[in-house]
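For reference, the chains in residue letters:
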Amino acid sequence: MRGNPEAHELVAPGTLSGVLSMLANEPGKWTPIAGGTELMVAHAAGRLSARCLVSLWGIRDMRFIRAEPDSIAVGAGSTFSDLRNHQAISAEFPLLAKAASWIGSVANQSRATLGGNLANGSPAADSSPALLAYDAQLELISARGTRRVPYAEFHTGYKHNVMAADELLYAVHLPRRFGQHRQYLRKVGTRRAMAISKVALAGCALVEQGTVREIRIGAASIAAYPTRLYRTEDSISGQVLAPETLRAARVSALSEVQPIDDIRSTAEYRRIVIANLLEEFLRSLTGAGGQQ
Amino acid sequence: MNPSWPSINLRVNGEHHSLNLPPMKRLLDVLREDLHLTGTKEGCGEGECGSCSVRMDGELVNSCMVPVLQAQDACVETVEGLACDAELHPLQKAFLEFGGAQCGICTPGMLMAASHLLAHNPTPNIAEIRDGLAGNLCRCTGFIRIFDSVIATIASNAKSQQERNAR
Amino acid sequence: MSTSAKTRIVGSSVPRKEGVDKLMGRARYVDDIERDGMWHGATVRSSIPRGIIRSIEFDPRIDWGEFAVVTAADVPGENHIQLIFADQPCLADGQVNHCEEAIALLAHPNKQKLREAVAAVRIDYEPLPAVFTIEESERQDVIVWGEDNIFKSFLLEKGNVDQAWTGAAHVIEGEYRTGAQEHLYIENNGMIAEYNSAHGVTVWGSLQCPYYVHKSLMAVFGLPEEKVRVIQTETGGAFGGKEDFPSVLGSHAALLAMKAGRPVKMIYDRMEDLAATPKRHPSRIRHRTAVDANGMLLAMDIEVATDGGAYSTLSSTVLSRATLHSPGPYVCPNVRVRSRAWATNTVPYGAFRGFGAPQAIFAIERHMDEIAAGIGMDPIELRRRNFLQDGTTTATEQVMREHVIMDKLLDRALTESNYYARKTQFAQENPASAIKRGIGIAAFFHGSGFTGSGERNLNSLAGVDVTSEGKVRVLVSSTEFGQGTNTILTQIASEAIGLDIGDVVMALPDTGIVPNSGPTVASRTSMVVGKLIQRAGTQLVSMLHDKAGLEESFTRAEFFAACERYRAKLGDVVSLCRYEPPPNIFWDDQKYRGEAYPAYAWSIHVAQVAVDTITYSTEVEDFWAVQEVGRVLNPVLAGGQIEGGVAQGIGYALYEKVVWQNGRMANNQMTNYIMPTAEDVPPIHVLFEEIPFMHGGFGAKGIGELPHDGPAPAILNAIKDATGVSFCSIPLMPEDILAKLVVASSIEVAATV
Ligand SMILES: Cc1cc2nc3c(=O)[nH]c(=O)nc-3n(C[C@H](O)[C@H](O)[C@H](O)COP(=O)(O)OP(=O)(O)OC[C@H]3O[C@@H](n4cnc5c(N)ncnc54)[C@H](O)[C@@H]3O)c2cc1C
Ligand code: FES
Ligand code: FES
């Protein structure tokens, strides 16, 4: 334990409005802590710079999964266990349920929140590719009110996002319109469990008579933050799934991704594997059967 | 008594505690240092090894990842609470018989993870056992005899259930 | 009692002796122990790999009067750790030779203040050039140790290698590399020490070899034997990682205790343990082998190079074991092994399960598959033709007097794994699949006990006594750290004496109580120490028979009554035995020739792998370990040793990579040093053959290290079977597989659509 517990303040107002008014009164002073699976790691390593923390854990208003007619709303305080064990999520957004089951282990999933995963903004965050593929909308909240941003526009740089100092991530909205889409997700980690992604790719596509009508591809660990492969999507969208399309998509992906070398892997490996995953996804679209 | 610290109420293995603590102190350190429950171990302090696993309000958590304020009013179960008086818990019996513990340092966390698994899913298959224990690293056993121990517990639980039903 | 006689307790799966305490969370590991008035200790470490220490400055903003501060100048005795050569300073004095080398020690009652203080000690260095690899050290343009960077070299020669090349049908060469491996015991290193001028030093801690620590403490404090006491606490895994290093940490804690005038506890956290403590020696092994047209080995020319790190620690004995295992379990008339351990500026490498053998076995067993491919022979058949047999000689001219059954182990492994059927099936399925499956084997032996004259030099003493509470106590310095020492030795004692296991307890592993039965290393506990306990037990019974009227057959009550009579008449009831080498064991250190080990354990591993050509990752899908380890004393514990070793070996092969940056471990966190989890280990099928060894405890030979030797070569051989590509270096990461697969034409790679 390299951090000093006595050097940090932590308060738990217990309600969403209580937290929001604290953030409104002293913007920038308070750092939210939800499940703590990012911040407590930093704390133990003596790297937690935030001195004043406000707890989101146990706030009921942030931990919900609600089915609405056109979308499912997931509270930012929902844990990955909540997501993994939820019927509607497993049925309609299987990529998200699958991603949730891969995040650390049971003891991590019981604490790690969806909001924390997104707000933390790691390039390797495991919920991100699925949310990008599902065209998720984020709802931000502050004492001033709420606003929505497409998740694809949430991250703005390495560990930077569009949230203001007085805002919290409140909910993730998943449009319920992918029943007919083919879906794919693959995480390539350092081992089968308890692994940080070296690369991950999610895809969601509507194919009609061999032609790709709609496609979204989200990827992790290929840039400073999780992102969609827009140019690659463009190269596929409206095309027939012929070998040339696959080849063009590979070429596009290889030029679009900008991974780095780090202690977990190499840029070269990440580039080639992301292209391989893309190809695996596209090949699955040509065959029969649903999601991978 | 530090007046700027909150008073934390905890129920640990059925026993109630009220403590004045820095709110960012890790639950792990509270258990070990303040409550002298040293059965819960620290192997990494970064959520990776699971040797600090305990059950908190019915969930399996790594106690090194929990600031104690977030355990306010929680019910915590540790390895010390597993056995009923002198009678070993069925999992403890199976670990003893089937070689589920070697050096024993991962064992408290492993037992908590296994008991959590069985509480939610009394008859897990091998894939579910592996998933349920994946957050608990054991360097001695290669896990095989831990799986055997869990499988034996499932069988013995089923048997005692049958006996209870027969009565 | 003869070794093959029927036994009551030996051979049965008696539950682990200390098992209930561990399962209840009651077992006390060092960090669970508090002493009155205890302070905490921490270490100030070097931030550069090599350099002169110009000054050590203590930030004046800290009130240093509150702290105990120790530097090299405070060492009362000799500032060197006593292993084989005493070259490693206890605290750096004037110069550092690796990153994370200990320079100063601090103690304080408050852990937080201690952390701040460590950060407030500033070391000013004059950097010196450093070397980080075997190749850089071999160049000898920068000398970092001694006169030539060489810690130790050996030359093993049998026959005449140089004359064998010309007539050979084939000559096959290969180079094989292995990386550093971290033990990753789940309990980090830790020690508590107390000091007072009347009683001297007492140290409690997580350790394998109480008398090693004892020896260093005597030197560091300049104290006589009886003023140093070392007590092992429950130890949460070791694997060799707590063989040499506790001498360093024990000395540090004791120095702080002396300076502070109170007990001091030093517990490393994971980051410090990973960055600052020893790992397995990296190696580079070259083979050049002459083979005749029938696949018979004619000559083996082997060059072994290991990276020893900054100080010699145990590098010479690790090199010795690597040298002796490098020709594998094969007969060859002409063998030459030239081996060297090189100095570099990294944390000294140390003992790790297998102790040089896993490196050597990786090389020879990968090389055997390369030879087979080179001469167009089935790798199974090649091995079978060359196995050591009864009466043949090893590279050191040791005659195989004990029965060797490699053929039988091989047959059993092939049958159990359905080897040929699987191989055929994969060859058919692979072309149409992105997943390439393969199956591979490794055949190997592992010498039990100390190398060469080692056991004779150790001259171990062990025994039993009878306490006034009516328990037989096993008196050994052999320690329990998960492998089952407590259980095995109490089984042996109760069997030999004729009591129940419940009547026998282990004495506290405390140098103030137990004799020196040698270190708990080298797979020697069951065989060597076990035999001593067996003899001591038998001797106790005949002593009671002769002196206290114990009948030929007796009840428990009669036994303890006889003990009381003996005690009343003659005092303490103790039976100690000293090591006696088996007859015909001769070892010539000069010529490096003779009986390298009193006995060998033998094994075949079979691995089935799946290589995914989309992600280039390899999964071990199934694993068979067939072995002959002498008598199996406790099947559950023995099986657990094999499975644990195989899992560690799988990690060694495919997951565990130490990432170096300028001589420092860059991935010193569990999240980045990757060991196999419960989801990564395959089913492991463990099968024993038993040939009791007369000179081992109830017929036992060594078992603990053996299983770590085979997985890496078996897995890489299986990967070759799966992909057609030879990989000669471990850890083999997906990134490495990618690099070779995309250039290899033999496989259709998704990346080349
Ligand atoms: C052992 C281990 C394994 C892991 N494995 C994975 C893995 O496989 N994949 C993966 O993606 N991640 C993994 N993680 C990382 C981590 O668990 C996730 O990122 C998790 O979702 C973070 O959520 P949290 O609630 O615990 O975050 P916290 O630590 O509480 O917070 C993280 C950040 O988010 C901010 N924050 C939290 N909630 C909100 C909110 N509602 N609004 C605004 N800001 C907020 C905090 O201020 C902080 O900056 C792992 C972590 C550990 C310790
Ligand atoms: S100590 Fe908490 S997970 Fe390792
Ligand atoms: S028993 Fe030693 S780590 Fe699991």
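What you are looking at is a predicted structure, and each value in this text was computed from that prediction instead of being measured. (Residues numbered from 1 in each chain as written. Chains lettered and ligands numbered in written order. Predicted model: local features only at pLDDT ≥ 70, side-chain atom pairs only at ≥ 80, totals over all residues. Heavy atoms only, no water.)

Chemist: A description of the environment of Thr211 of chain A should follow, citing residues and the corresponding values.
Modeler: All names here are of chain A. For Thr211, the location among the structural elements is in strand S13 (residues 211–220). When the C-alpha positions of Thr211 and Cys52 are compared, they lie 54 Å apart, and in sequence the two are 159 residues distant. Setting aside anything within four residues of it in sequence, one finds Thr211 in contact with Leu206, Gly238, Gln239 and Val240. (Helix = DSSP H or I, 4+ residues; strand = E, 2+ residues; numbered from the N terminus. Contact = heavy atoms within 4.5 Å.)

Chemist: Break down the packing of aromatic side chains for me, citing the residues and quoting the values.
Modeler: Summed over the entire model, instances satisfying the criterion amount to 23 aromatic pairs over all chains. A connected cluster of aromatic rings, assembled from ring pairs, spans Phe445, Tyr597, Tyr600 and Trp602 of chain C. The positively charged end of Lys198 of chain A is found above the aromatic ring belonging to Tyr269 of chain A, 5.0 Å away from the centroid. If you follow Lys740 of chain C out to its NZ or CZ, it ends over the ring of Phe727 of chain C, 5.3 Å from the centre. (Phe/Tyr/Trp six-rings, centres within 6.5 Å; stacked < 30°, edge-to-face > 60°. Lys NZ or Arg CZ within 6 Å of the ring centre and 35° of its normal.)

Chemist: So what's going on with the pattern of salt bridges? Which residues, and what values?
Modeler: Under the counting rule described, the total for this entry stands at 87 salt bridges over all chains. When the shortest N-O distance is used, the salt bridge between Glu214 of chain A and Arg177 of chain A registers 3.2 Å. Of the two residues, Glu214 of chain A sits in strand S13 while Arg177 of chain A sits in the loop between strand S10 (168–175) and strand S11 (182–189), which places them 37 residues apart along the sequence. Of the residues examined, Glu214 of chain A reaches a relative accessible area of 19% and is grouped as buried. Sharing partners across several salt bridges, the network here consists of Glu135, Glu138, Glu175, Arg177, Arg284, Arg286 and Glu303 of chain C. (Salt bridge = Lys/Arg side-chain N within 4 Å of Asp/Glu carboxyl O. Buried < 20%, exposed > 50% of the residue type's maximum accessible area, 1.4 Å probe, protein only.)

Chemist: I'd like a rundown of the domain arrangement of chain A, residues and numbers included.
Modeler: For chain A, the domain assignment lists domain 1 (5–54), domain 2 (61–174) and domain 3 (182–284). Here the C-alpha centroids of domain 1 of chain A and domain 3 of chain A sit 36 Å apart. (Domains from an automatic or database assignment.)

Chemist: Go over the nonpolar core, please, and point to the residues and values.
Modeler: Judged by nonpolar contacts, the single largest core of 184 residues is most densely connected at Leu133 of chain B together with Ile604 and Ile715 of chain C. Apart from the residues lying within four places of it in its own chain, the contact partners of Ile604 of chain C are Phe387, Met406, Leu409, Leu410, Ala413, Ile441, Ala442, Ala443, Trp624, Ala625 and Val626 of chain C. Core analysis: the next-biggest nonpolar cluster, separate from the first, contains 54 residues, Val74, Leu83, Tyr151 and Ala171 of chain A among them. (Core = buried A, V, L, I, M, F, W, Y, C linked by side-chain atoms within 4.5 Å.)

Chemist: Tell me about the sheet that holds strand S1 (residues 7–12) of chain B, and name the residues and values.
Modeler: Residues and elements named next belong to chain B. On the basis of which strands lie adjacent, the open sheet formed by five strands has the order S2-S1-S5-S3-S4 and mixed pairing. The two strands at the open ends of the sheet, each matched to only one other strand, are strand S2 (15–20) and strand S4 (59–62). Across this sheet, the average inter-strand angle for adjacent strands is 35°, counted without regard to direction. Two elements, strand S3 (residues 53–56) and strand S5 (residues 74–77), share two bridges in a ladder whose sense is antiparallel. In the strand pairing of S5, Met56 is matched with Val76. Contacts from helix H3 (residues 107–120) reach S3, S4 and S5 within the one sheet, and its direction differs from that of S3 by about 40°. (Pairing = 2+ DSSP bridges. Axes fitted to C-alpha atoms, helices over the stretch in contact; angles between N-to-C directions.)

Chemist: Explain the domain arrangement of chain C to me, using residue names and the numbers behind them.
Modeler: Accessible area lost upon the coming together of the parts is a frequently used measure of interface size. Residue and element names in this part refer to chain C. Once the domains are mapped, chain C shows domain 1 (3–28 + 460–578), domain 2 (33–128 + 183–276) and domain 3 (373–449 + 592–747). Centre-to-centre, using C-alpha coordinates, domain 2 lies 38 Å away from domain 3. Of the residues lining the interface, 13 residues belong to domain 2; the matching set on domain 3 comes to ten residues. For the pair domain 2 and domain 3, the summed buried surface comes to about 1000 Å²; carbon and sulfur atoms form 64% of the total. Of all residues in domain 2, Leu184, Met271 and Leu274 give up the largest surface area on contact with domain 3, accounting jointly for 46% of the area buried on that side. Applying the counting criterion to the domain 2 and domain 3 interface returns one salt bridge. Note that Arg664 and Glu100 form a salt bridge whose closest N and O atoms lie 3.0 Å from each other. Where domain 2 meets domain 3, there are three residue pairs in polar contact (both at pLDDT 80 or more). (Buried area = accessible area lost by both parts, 1.4 Å probe. Polar contact = N/O pair within 3.5 Å; in protein donor to acceptor, adjacent residues only side chain to side chain.)

Chemist: Explain the interface of chain A and chain B to me, using residue names and the numbers behind them.
Modeler: Facing 30 residues of chain A, the contacting portion of chain B comprises 28 residues. Of the roughly 2300 Å² buried where chain A meets chain B, counting both sides, 65% is carbon and sulfur surface. A per-residue breakdown of the area chain A buries against chain B is headed by Leu10, Met40 and Arg111 of chain A, which together make up 25% of the total. Counting across the chain A and chain B interface gives seven residue pairs in polar contact (both at pLDDT 80 or more). Within the residue set of the side of chain A that touches chain B, elements represented by two or more residues are strand S1 (9–11), helix H2 (39–44), strand S3 (52–55) and helix H6 (106–109) of chain A. For the side of chain A that touches chain B, the leading source of residues is H2 of chain A, giving four residues. Its residues placed into classes, the side of chain A that touches chain B shows 17 nonpolar, eight polar and five charged. (Nonpolar A, V, L, I, M, F, W, Y, C, P; charged D, E, K, R; others polar.)

Chemist: Give me the interface of chain C and chain B: which residues, what numbers.
Modeler: Each partner contributes residues to the interface: chain C has 52 residues there, and chain B has 43 residues. Across the chain C to chain B interface the summed buried area is about 3700 Å²; carbon plus sulfur atoms make up 58%. Of all residues in chain C, the largest losses of buried area upon contact with chain B belong to Leu23, Ile186 and Ala678 of chain C, amounting jointly to 20% of the total for that side. Across the chain C-chain B interface, the total number found is six salt bridges. Of the charged contacts, one joins Lys41 of chain B and Asp32 of chain C as a salt bridge, the two residues approaching to 2.4 Å between their closest N and O atoms. Inspection of the chain C/chain B interface yields 23 residue pairs in polar contact (both at pLDDT 80 or more). At the level of secondary structure, the elements contributing two or more residues to the side of chain C that touches chain B comprise helix H1 (19–24) and helix H16 (635–654) of chain C. Of the residues assigned to the side of chain C that touches chain B, the class counts are 22 nonpolar, 17 polar and 13 charged.

Chemist: With reference to specific residues and values, describe helix H9 (residues 379–386) of chain C.
Modeler: All names here are of chain C. Along H9, the residues classified as buried are Pro379, Ile380, Leu382, Arg383 and Asn386. Considered in projection along H9, the buried side chains sweep an arc of 165° and stay on one side of the axis. For H9, the N-terminal cap is Asp378; the gap from its side-chain oxygen to the backbone nitrogen of Ile380 is 3.0 Å. (Arc of directions from axis to C-beta.)

Chemist: Give a description of the environment of Pro519 of chain C that names residues and reports values.
Modeler: Residues and elements named next belong to chain C. Locating Pro519 in the fold gives a position in the loop between strand S19 (504–506) and helix H14 (525–548). On the accessibility criterion, Pro519 (3% relative accessible area) is buried. For Pro519, the residues in contact, after removing those within four places along its chain, are Cys209, Tyr212, Phe450, Leu458 and Arg524.

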